[in-house]
Amino acid sequence: MVPFETRQYTDSQVKRAGEKLKDPGSLTEQERADALAVLNNYRLLHYAPLNTFQATLRRRLKALGLEGAIVAQRIKRLPTILEKLQRFRGMQLNRMQDIGGIRTITANMEELDRICAAYSGPQGKFLHKIVRTDDYVATPKDSGYRGRHVVFRYHHEQPDYNGLHVEMQFRTRLQHVWATAVETFEAFMGEHFKSSMGNTRWLDFFALVSSAYAIMEQQPVLPRHRGLAAAEIHSTISAMVQELGVMDKIQLFSAVSRQLPHITKEKDSYAVLVLDTYEKSVQVKFFPVQQYRLAYESYAREEHRSQDEPTRQIVLVKTGSLKRLQKAYPNYFADLKEFKQKLLKIMESAG
């Protein structure tokens, strides 16, 4: 059995640590180290509820005959937590709802609707309380992001974990292709496209592609595109692909995937991924599922190093195999094949 983290700090201490980390420049080195120790302990607590939620999710997918759906769990990266605290000044660390996340990727909208229904209404009875739902399929984000999110408050007799939040994300394969393409371009170009920040032409491009994908799935397009016909959206995308050199960038990013080690293990493990967008390289370190502590220590070391090397991005994930890892987190491998194929089809339809 995996030994999970035990709580070392109260909710008030976690909240205070988060407030301090909003202004790291005002802290001494020791104060910052102490605040980060609180944050890391709080972050590690989420592994217990994540494992519970993943087990339940897999059972429900199996019952629905959706065993082909991809499932991956992750703990939010330290730089992302710090960025979120500093960007949203009213955010409280002990109330952050997406530190622990589980992602499900289904083949299409019909499958997405079925698994979402399994968590809502009378047929979706669940011990854990839903505290928030966001349907970004019915109402896409301004950036073009689409998917469905449900945040739960974890109910457990063990006080160390009771009350923690877990965010479940449900996406179709097409929605996932779009989201991971945005993350890939963001990582390599040093932009913040996910936050609707950065080069406006690229933001417009990804928004248009999102609406093109929505049309393919017979779902609502972005509000700003409602007056446009599909043909007009396709022709604009085609022109922007040329203008922005999208295909050349995809070729460059995809070169990273050729450096991946050939690993054939199929059993569960933890993996630490290190993407260096300057060196154009990816490193993957695997740890047996029983050694999550060693995996986390490796992850923490890499994150600490990345504070001084911002071109390095680190993630700790748990998944069944390298193949599933690539499917669930293709942005860390610059696997843009599907995105490229969909663009080519859009361009072909535009003439």
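Residues numbered from 1 in each chain as written. Predicted model: local features only at pLDDT ≥ 70, side-chain atom pairs only at ≥ 80, totals over all residues. Heavy atoms only, no water.

Draft legend 1. Just unusual backbone geometry, in detail. Despite not being glycine, S196 has its phi angle at roughly 60 degrees, a positive value. Within the fold, S196 resides in the loop between α6 (173–189) and α7 (200–216). The phi torsion at Q218 lies on the positive side, around 55 degrees, for a residue other than glycine. Its place among the elements puts Q218 in the loop between α7 and α8 (230–244). Exposure remark for Q218: the relative accessible area of 73% places this residue in the exposed category. (Helix = DSSP H or I, 4+ residues; strand = E, 2+ residues; numbered from the N terminus. Buried < 20%, exposed > 50% of the residue type's maximum accessible area, 1.4 Å probe, protein only.)

Draft legend 2. Local environment of helix α9 (residues 246–254). Residues of α9 that are buried: V246, I250, F253 and S254. When α9 is viewed along its axis, its buried side chains cluster within an angular range of 95 degrees and face the same direction. Those residues of α9 that are exposed and angled more than 90 degrees off the buried face are D248 and Q251. Turning to α9, the residues buried within the fold contact α6, α7, α8 and α12 (337–350). (Arc of directions from axis to C-beta. Contact = heavy atoms within 4.5 Å.)

Draft legend 3. A look at the pairing of strand β1 (residues 70–75). A large share of β1 lies buried, amounting to six of its six residues. With burial as the criterion, each face of β1 is covered, one bearing I70, A72 and R74 and the other bearing V71, Q73 and I75. One ladder, built from six bridges, connects β1 with strand β2 (residues 100–106); its direction is antiparallel. Each bridged residue has a counterpart across the sheet, and for I75 the counterpart in β2 is G100. (Pairing = 2+ DSSP bridges.)

Draft legend 4. Local environment of the packing of α7 against α12. Two elements in contact, α7 and α12, have axes whose closest approach is 12 Å; the angle formed by their N-to-C orientations is 80 degrees. Considering their axes alone, α7 and α12 lie roughly perpendicular with respect to each other. Together, F205, F206, V209, A212, Y213 and M216 of α7 and F339, K342, L343 and I346 of α12 make up the contact between the two elements. (Axes fitted to C-alpha atoms, helices over the stretch in contact; angles between N-to-C directions. Parallel < 35°, antiparallel > 145°, perpendicular 65-115°, else oblique.)

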